[in-house]
Amino acid sequence: MTNSTQKDTGLNLRGRDFIGLADYSSEEIQYLIDLAVELKRKQKEGEVYQPLKGKTLGMIFEKSSTRTRVSFEVGMFQLGGHALFLSRNDLQIGRGETIWDTAQTLSRYLDGIMIRTFAHRTVIELARGATIPIINGLSDLSHPCQALADYQTIYERKGSLKGLKLAYIGDGNNMVHSLMVGGCKLGMNVSVASPEGYGPDREMIEASREIAAQTGSQLQIVTDPKEAVADADVIYTDVWASMGFEEEQAERVVAFRNYQVNEELVKYAKPDYLFMHCLPAHRGEEVSEGIIDGSHSIVFDQAENRLHAQKAIMAAIL
Ligand code: CP
Ligand code: NVA
């Protein structure tokens, strides 16, 4: 898809930040999914597509990453641009320079910034100070790049998204927040089961409910994993202790012990259910080895689609 195609749709994503899926309309999210599918086809067929020649993306990392770092760097290269890895420890923010000054300075060199950080407000502050688009590569609140790639993956497998049921089992973290918002935008039914005290953020539930009311989706928040998984088309889980919560690992293993996605739980889903996980995974904790390595699992398609979905985001906004 070319820039003129974006114009043809009447959508204008150029210059926008990509901080959360709530900022994008259902049509814009579907447009990005379609563009990701198209860019994937081009890549597989060896068609060179380099709309970002001469452009540079800065990638600020305050946390570890395998998929996000490599897929953004490779994606930018494939689009004809260049990506710079900027670790917090090597930047002056590690020594107290403000986010505002960093944003202002980097805006003079770069065409866009991807940031992976702890507090979501850091992403917001960066976007306030920057004059170039900011992409959220994961914060404590959300992980919209992963959710976009995930919805692309489901779309490729099922042919459509509207009316499908996605069951998320486990921690009410950044991942489920983006899945709830994105799923409701796309007309899916989202069911979340978490232990008492570990459910999704109240404000994210409210925001998702408002979206669901407009799109006809249903959002269900429960504590019983079997109830969430009942007749699900997709079962999704994530680690019990996200980055930054490692010291709670021992207590979380106890709190989440009945929330493993395993051979027993998947019996309640549709026979052709898909198993998804953003990775990295802990086999034997949130998911049994048999399920993540089994025939319903599409976790590496999700990982691959990070590349294509993020190329779509960059091609659209940069
Ligand atoms: N899923 C994901 O964001 O993976 P990384 O932490 O490896 O980037
Ligand atoms: N919820 C996980 C996602 C990792 C990609 C975390 O924040 O660590």
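Being a predicted model, the structure only gives us computed values, none of them experimental. (Residues numbered from 1 in each chain as written. Chains lettered and ligands numbered in written order. Predicted model: local features only at pLDDT ≥ 70, side-chain atom pairs only at ≥ 80, totals over all residues. Heavy atoms only, no water.)

Focus: the overall build of the protein
Right, so step 1: Of the regular secondary structure elements, the protein holds twelve helices and nine strands.
Right, so step 2: The globule rule puts the C-alpha radius of gyration for 318 residues at 20 Å, and the 19 Å found for the protein is close to it.
Right, so step 3: Expressed as lengths along the three principal axes of its C-alpha atoms, the size of the protein is roughly 55 × 45 × 35 Å.
Right, so step 4: Evaluated residue by residue, the protein yields a buried proportion of 56% over its 318 residues.
Right, so step 5: The long-range share in the protein, meaning contacts at least 24 apart out of those at least 6 apart in sequence, stands at 75%. (Helix = DSSP H or I, 4+ residues; strand = E, 2+ residues; numbered from the N terminus. Rg over C-alpha atoms; globule rule 2.2 N^0.38 Å. Buried < 20%, exposed > 50% of the residue type's maximum accessible area, 1.4 Å probe, protein only. Contact = heavy atoms within 4.5 Å.)

Digging into the sheet that holds strand 5 (residues 165–169)
Right, so step 1: If you trace the five strands from one edge of the open sheet to the other, you get 7-6-5-8-9, paired in parallel fashion. The open sheet has two edge strands, strand 7 (219–222) and strand 9 (274–277), and neither has a second partner. Here the strands of the sheet are splayed against their neighbours by 20° on average, with no regard to which way each runs.
Right, so step 2: In the packing of helix 12 (residues 299–317) onto the sheet, contacts are made with strand 8 (234–237) and strand 9, and the angle to strand 9 comes to roughly 50°. (Pairing = 2+ DSSP bridges. Axes fitted to C-alpha atoms, helices over the stretch in contact; angles between N-to-C directions.)

Things to note about the environment of Glu-38
Right, so step 1: With respect to the helices and strands, the residue Glu-38 is situated in helix 2 (residues 26–44).
Right, so step 2: Glu-38 gets classed as partly exposed once you look at its relative accessible area, which sits at 22%.
Right, so step 3: Along the sequence, Glu-38 and Ala-312 sit 274 residues apart, while their C-alpha atoms lie 8.8 Å from each other.

Quick notes on the site of ligand 2
Right, so step 1: In the region of ligand 2, the neighbouring residues are Leu-138, His-143, Asn-173, Asn-174, Asp-238, Ser-242, Met-243 and Leu-279.
Right, so step 2: Measuring from a nitrogen atom of ligand 2, one finds a side-chain N or O atom of Ser-242 at 2.7 Å.
Right, so step 3: In this structure, an oxygen atom belonging to ligand 2 sits 2.8 Å away from a main-chain N or O atom of Met-243.
Right, so step 4: Against a free-state accessible area of 270 Å², the protein chains account for coverage of 95% of ligand 2.
Right, so step 5: Residues of the shell around ligand 2, tallied by class, amount to three nonpolar, four polar and one charged. (Near = heavy atom within 4 Å. Polar contact = N/O pair within 3.5 Å; in protein donor to acceptor, adjacent residues only side chain to side chain. Areas by Shrake-Rupley, 256 points an atom, 1.4 Å probe, with all protein chains shown as cover. Nonpolar A, V, L, I, M, F, W, Y, C, P; charged D, E, K, R; others polar.)

Quick notes on the pairing of strand 6 (residues 189–193)
Right, so step 1: Among the five residues of strand 6, four are classified as buried, and the element is accordingly described as predominantly covered.
Right, so step 2: Note: strand 5 against strand 6, five bridges, orientation parallel. Within the sheet, the bridge partner assigned to Tyr-168 lies in strand 6 and is Val-192.
Right, so step 3: Between the parallel elements strand 5 and strand 6, the chain passes through helix 7 (residues 174–185) in a crossover that is right-handed.
Right, so step 4: With four bridges joining them, strand 6 and strand 7 adopt parallel strand pairing. Bridge pairing in strand 7 places Ala-193 opposite Val-222.
Right, so step 5: Handedness of the strand 6-helix 8 (residues 202–215)-strand 7 crossover: right-handed. (Right-handed = clockwise from strand over helix to strand, strands pointing away.)

Let's talk about helix 6 (residues 144–158)
Right, so step 1: For helix 6, spanning 15 residues, the distance from its first C-alpha to its last is 21 Å, which sits close to the expected 21 Å at 1.5 Å a residue.
Right, so step 2: Counted residue by residue, helix 6 has eleven buried out of 15 residues, so it is predominantly covered.
Right, so step 3: Along helix 6, the residues classified as buried are Pro-144, Cys-145, Gln-146, Ala-147, Leu-148, Ala-149, Asp-150, Tyr-151, Gln-152, Thr-153 and Ile-154. (Expected span 1.5 Å × (residues − 1).)

Some remarks on the pattern of salt bridges
Right, so step 1: This model, assessed by the stated rule, comprises 18 salt bridges.
Right, so step 2: A salt bridge links Lys-40 to Glu-156, with the shortest nitrogen-to-oxygen separation between them at 3.1 Å. Residue Lys-40 is found in helix 2, and its partner Glu-156 is found in helix 6; the two are separated by 116 residues along the sequence.
Right, so step 3: Residue Lys-40 is classed as buried on the basis of its relative accessible area of 14%.
Right, so step 4: For Glu-156, a relative accessible area of 34% gives the class partly exposed. (Salt bridge = Lys/Arg side-chain N within 4 Å of Asp/Glu carboxyl O.)

Concerning the site of ligand 1
Right, so step 1: Taken together, the neighbourhood of ligand 1 is formed by Ser-65, Thr-66, Arg-67, Thr-68, Arg-116, His-143, Gln-146, Cys-278, Leu-279 and Arg-306.
Right, so step 2: At 2.6 Å from an oxygen atom of ligand 1 is found a side-chain nitrogen or oxygen belonging to Ser-65.
Right, so step 3: Between an oxygen atom of ligand 1 and a side-chain N or O atom of Arg-306, the distance comes to 2.9 Å.
Right, so step 4: Relative to its unbound accessible area of 250 Å², ligand 1 is 96% covered by the protein chains.
Right, so step 5: Placement of ligand 1 is best described as lying within the largest pocket.
Right, so step 6: Class assignment for the residues of the shell around ligand 1 results in two nonpolar, five polar and three charged. (1 Å grid on protein atoms, 1.4 Å probe; cavity = no way out; pocket = protein on both sides within 12 Å on 5 of 7 lines; lining within 4 Å. Sits in = over half its atoms within 2 Å of the grid points.)

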